[in-house]
Structures are given as C-alpha cells and as structure tokens.
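What follows is the residue order along each chain.
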Amino acid sequence: MRNIADCHLYGILDLGYVDESRLPSVLSEMLEGGVDVVQLRAKNATESKIEALAAELLPLCRRAEVPFIINDFPGIAAKVGVDGVHVGQDDQPISEVREIVGEEMLVGKSTHSLDQARAASRETGVDYIGFGPIFATPTKPDYVPIGKAEIDQVHRDVELPIFCIGGIKRENAPEILQAGAKRLVIVSGILQAANIPEYVRDVQTLLQSNR
C-alpha cells in the first residue's frame, strides 16, 4: 500500500454523483487512470449500507495497492478494515478516532482556514489534512470558499500532506498548482467525466509536472 505522502491525486466516490450500482465500475475506471487514494463518501446512506459498500469496494483498491478511506465513520472503518478514515471539524476528536481505529490506520481531517490547518497539524494522530473549499462547490454548499491566497502559506506552516479540495477540476488545476498546491482532491470532475481514466491521467500529468 502506498504511503499517503506519496499520494497526490485523491478521488472521492460520492453517492451524490454516482448511483451505488455504478460504484464498482467507476472505482475501477478511477484506478485504471491511476488515482492515488480513494474515499467513499455517502452522506445520506445508512451505516449498514456504507459498511456493505465499503466491503464490496475495498478489494478493488487492495488489488491496485491504493489506500481506501471511509468518510465520517471510524467504527465502520475499523470493522471493515479499510486503510483510513476522514473526519471533519464537527466530528469526534482525533484522540477518540484513534481509540476506535488503532494506530496503523490513516486518519485525515478537513480544515477550512489557516488556523484550522495549523491546529490539525498539532493534533497527535492526524496523518494528512484536506484544505478548502478552495472554490464554491455543491458538495459543500454551506462553506464559504477560502480561495487560493492561503495555499502557499498553509504549505509553509503545515508539514503534513495537504490535499486542496473544493471545486477543483482538470481545467483549473494548473492555477491551483501555481498557487502552491502539491496535492489535489477532485470529486465531480472525475465522476462526471466522459472518460474517467483519461481524465485522471491528465490530472496526474499536471501534478507530475509540478513536482
């Protein structure tokens, strides 16, 4: 399994964009294109449904040696035995998450400002952070976009891997990278692409040229 520090393109399987019956095929296309890490995000699904979906999808990621992460539910992450869990600012403290998932599982945390990013970097048990939303996004309609101005500074202040998120697509990825980003999260751009493997490869090419 690749190290999170070596991951640069983070894809999210979001049930808001993909019907659950298509999740395995969409995930296979993302992996074919070379996505580095995958999160399952199912905001309105029951916990039993999320557990079942995670158990179905995990083997695909394992074969590709790509970390598979569950959003919001450390208990499900521990039960299914996935590679990580991602939590938000309003979820339980990282110390409690660690008690549930143990020391080996990846734990990521969403941050929405420089202060939150700095605070998360000081928490014991956080392996990486999401930083955003950079632009307005329908997946986070209640969050005010933080823009590009602080991307460079957050990379100066935080030593953890930072994944910029929020309204990022292949078309605007170059300006995000130019602003100082090293890692990207893309949701709708990948999931709604006419050719998912090609889309992922294009973004990976941009990321590689930025290193």
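See the structure shown above.
Residues numbered from 1 in each chain as written. Predicted model: local features only at pLDDT ≥ 70, side-chain atom pairs only at ≥ 80, totals over all residues. Heavy atoms only, no water.

**Observations regarding the side chain of His155**
Mapped onto the elements of the fold, His155 is located in helix H6 (residues 151-157). Contacts of His155, omitting those with residues within four sequence positions, involve Ile162, Cys164, Gly180, Ala181 and Lys182. (Helix = DSSP H or I, 4+ residues; strand = E, 2+ residues; numbered from the N terminus. Contact = heavy atoms within 4.5 Å.)

**Thoughts on unusual backbone geometry**
The peptide bond linking Gly132 to Pro133 adopts the cis configuration, its omega dihedral lying at 5 degrees. If you trace the backbone, Pro133 turns up in the loop between strand E6 (128-131) and H6. Non-glycine residue Glu65 carries a positive phi angle of around 60 degrees. Relative to the elements of secondary structure, Glu65 occurs in the loop between helix H2 (47-64) and strand E3 (68-71). A positive phi angle is found at Asp72, which is not glycine, with a value near 80 degrees.

**A look at the packing of helix H1 (residues 23-33) against helix H9 (residues 196-209)**
In a pair of packed helices, the angle between the axes and the distance between the axes together describe the arrangement. Orientation of H1 relative to H9, taken along the N-to-C sense of each, is 35 degrees, at an axis distance of 7 Å. Crossing geometry of H1 relative to H9 is assigned as right-handed. Here H1 contributes Val26, Glu29, Met30, Glu32 and Gly33 to the contact with H9, which in turn contributes Ile196, Pro197, Val200 and Arg201. Grouping the amino acids of the contact of H1 with H9 by side-chain chemistry returns 5 nonpolar, 1 polar and 3 charged. (Axes fitted to C-alpha atoms, helices over the stretch in contact; angles between N-to-C directions. Left-handed = near helix turned anticlockwise from the far one by under 90°. Nonpolar A, V, L, I, M, F, W, Y, C, P; charged D, E, K, R; others polar.)

**Notes on H1**
Every buried residue belonging to H1 is among Leu23, Val26, Leu27, Met30, Leu31 and Gly33, and all of these are buried. When H1 is viewed along its axis, its buried side chains cluster within an angular range of 160 degrees and face the same direction. Directly after H1, the chain includes Gly34, whose backbone phi takes a positive value near 105 degrees. (Buried < 20%, exposed > 50% of the residue type's maximum accessible area, 1.4 Å probe, protein only. Arc of directions from axis to C-beta.)

**A short note on helix H5 (residues 114-122)**
Taken together, the buried positions of H5 are Leu114, Ala117 and Ala120. The arc enclosing the buried residues of H5, seen along the axis, measures out at 125 degrees, which places them on a common side. The outward face of H5, more than 90 degrees from its buried face, is lined by the exposed residues Asp115 and Arg122. Elements in contact with the buried residues of H5: strand E5 (106-111), E6 and H6.

**Thoughts on the packing of aromatic side chains**
For the structure shown, the criterion picks out 3 aromatic pairs. Between Tyr10 and Tyr128 the ring centres are 5.8 Å apart and the planes differ by 55 degrees, which places this aromatic pair in the tilted class. Of this pair, Tyr10 sits in strand E1 (residues 9-14) while Tyr128 sits in strand E6, and the two are 118 residues apart along the sequence. Here Tyr10 and Tyr128 have matching classes, each one buried. Measuring from centroid to centroid gives 5.5 Å for Tyr128 and Phe163, while their planes differ by 80 degrees, and the two rings are edge-to-face. On the criterion of sequence distance, the pair formed by Tyr128 in strand E6 and Phe163 in strand E7 (residues 162-164) is long-range, its members being 35 residues apart. In this structure, Tyr128 and Phe163 share a single accessibility class: buried. Taken together, the ring pairs in this structure connect Tyr10, Tyr128 and Phe163 into an aromatic cluster. In this structure, Arg183 is placed above the aromatic ring of Phe163, and the distance from its NZ or CZ to the ring centre is 5.9 Å. (Phe/Tyr/Trp six-rings, centres within 6.5 Å; stacked < 30°, edge-to-face > 60°. Lys NZ or Arg CZ within 6 Å of the ring centre and 35° of its normal.)

**Quick word on the packing of H1 against H2**
The N-to-C vectors of H1 and H2 enclose an angle of 20 degrees; their axes lie 10 Å apart at closest approach. In this view, H1 runs roughly parallel relative to H2, as classed from their interaxial angle. Where H1 crosses over H2, the two elements pack in a sense that is right-handed. Residues Leu23, Pro24, Leu27, Ser28 and Leu31 of H1 form the contact with H2, whose own contacting residues are Leu53, Glu56, Leu57, Leu60, Cys61 and Ala64. Partitioned by chemical class, the residues of the contact of H1 with H2 number 9 nonpolar, 1 polar and 1 charged. (Parallel < 35°, antiparallel > 145°, perpendicular 65-115°, else oblique.)

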